[in-house]
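Overview (structure and organization)
The chain contents come next:
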Amino acid sequence: MLLSFTLHENAAYLHCETAGKATLQDMLACVDLVKTLAAGRGHSRVLIDMQAIEHDLPFTEHLQLGTYLVDKLAGIERLASVVRPERMVGVTARVARKLGAEVRTFDNLPEAQGWLAS
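Residues numbered from 1 in each chain as written. Predicted model: local features only at pLDDT ≥ 70, side-chain atom pairs only at ≥ 80, totals over all residues. Heavy atoms only, no water.

1. Things to note about the packing of helix α2 (residues 59–72) against helix α3 (residues 91–98)
Between α2 and α3, whose axes approach to 8 Å, the crossing angle comes to 40°. Our classification of the angle between α2 and α3 gives oblique. Judged by the sense of rotation from one axis to the other, the crossing of α2 with α3 is right-handed. Note on element contacts: α3 touches α2 through Val-91, Thr-92, Val-95 and Ala-96, opposite Phe-59, His-62, Leu-63, Leu-65, Gly-66, Thr-67, Leu-69 and Val-70. A class-by-class count of the residues in the contact of α2 with α3 yields eight nonpolar, four polar and no charged. (Axes fitted to C-alpha atoms, helices over the stretch in contact; angles between N-to-C directions. Helix = DSSP H or I, 4+ residues; strand = E, 2+ residues; numbered from the N terminus. Parallel < 35°, antiparallel > 145°, perpendicular 65-115°, else oblique. Left-handed = near helix turned anticlockwise from the far one by under 90°. Contact = heavy atoms within 4.5 Å. Nonpolar A, V, L, I, M, F, W, Y, C, P; charged D, E, K, R; others polar.)

Pasting the structure below:
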């Protein structure tokens with residue numbers, strides 16, 4: 001399955017759904033796209049639903065992704081990602097938080113939505 005990207009908007013945040021097989025380069029491109037869309041639409045909070053993503057990122061690539069998030073998403077107040085429970089690692093979010101970004105990973109969509117709305 002090719003990587004797909006679906007966008008939903010509401011007043012509180014930009015909601016992006018991704019699905020398919022993804023490499024680190026795909027995820028970096030997704031960050032770039034989210035930045036462009038959020039800035040263009042005036043959103044400072046973003047939800048990325050990755051429950052339908054398949055990837056095999058090693059630990060070091062999670063570290064790279066976390067650093068990239070911080071570098072690219074200046075101006076984003078909060079970023080929540082949602083993954084399947086068995087994919088809940090949180091390395092990317094921990095790296096981003098250590099570097100000063102407000103990023104959290106959830107395995108429950110309503111919890112992520114509540115955090116973004118708070």
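Here the narrative resumes.
2. Things to note about the sheet that holds strand β1 (residues 4–9)
With mixed pairing, five strands are arranged side by side in an open sheet as β1-β2-β3-β4-β5. For this open sheet the edge positions go to β1 and β5 (103–106), each flanked by a neighbour on one side alone. Between one strand axis and the next, the sheet turns through 20° on average, direction left out of account. (Pairing = 2+ DSSP bridges.)

3. Observations concerning helix α4 (residues 109–117)
Residues of α4 that are buried include every one of Ala-112, Trp-115 and Leu-116, and no others. Here the buried residues of α4 occupy an arc of 100° about the axis, which is enough to place them on one side. Exposed residues pointing more than 90 degrees away from the buried face of α4 are listed as Pro-110 and Ala-117. Sitting at the head of α4, Asn-108 places a side-chain oxygen 2.9 Å from the backbone nitrogen of Glu-111. (Buried < 20%, exposed > 50% of the residue type's maximum accessible area, 1.4 Å probe, protein only. Arc of directions from axis to C-beta. Polar contact = N/O pair within 3.5 Å; in protein donor to acceptor, adjacent residues only side chain to side chain.)

4. Topic: the side chain of Arg-78
Mapped onto the secondary structure, Arg-78 falls in strand β4 (residues 78–82). No salt bridge is formed by the buried Arg-78. Its closest oppositely charged neighbour is Glu-102, at 4.6 Å. For Arg-78, the side chain forms a polar contact with the main-chain oxygen of Trp-115, separated by 2.5 Å. Once residues lying within four places of it in the same chain are set aside, the contact partners of Arg-78 are Ser-44, Arg-45, Val-46, Glu-102, Trp-115, Leu-116 and Ser-118. (Lys, Arg positive; Asp, Glu negative; His and termini not counted. Salt bridge = Lys/Arg side-chain N within 4 Å of Asp/Glu carboxyl O.)

5. Observations concerning the nonpolar core
Core analysis: the biggest nonpolar cluster contains 24 residues, and Val-46, Leu-65 and Leu-79 have the highest contact counts within it. Looking at this core, the elements with two or more residues in it are β2 (14–21), α1 (24–41), β3 (45–54), α2 and α3. Considering every element that reaches this core, the biggest residue donor is α1, with eight residues. Those residues in contact with Val-46 that lie beyond four places of it in its chain are Tyr-13, Leu-14, Val-34, Ala-38, Ile-76, Arg-78, Leu-79, Ala-80 and Leu-116. The next biggest cluster of nonpolar side chains, apart from the first, holds eight residues, and it includes Tyr-13, Leu-47, Val-82 and Phe-106. (Core = buried A, V, L, I, M, F, W, Y, C linked by side-chain atoms within 4.5 Å.)

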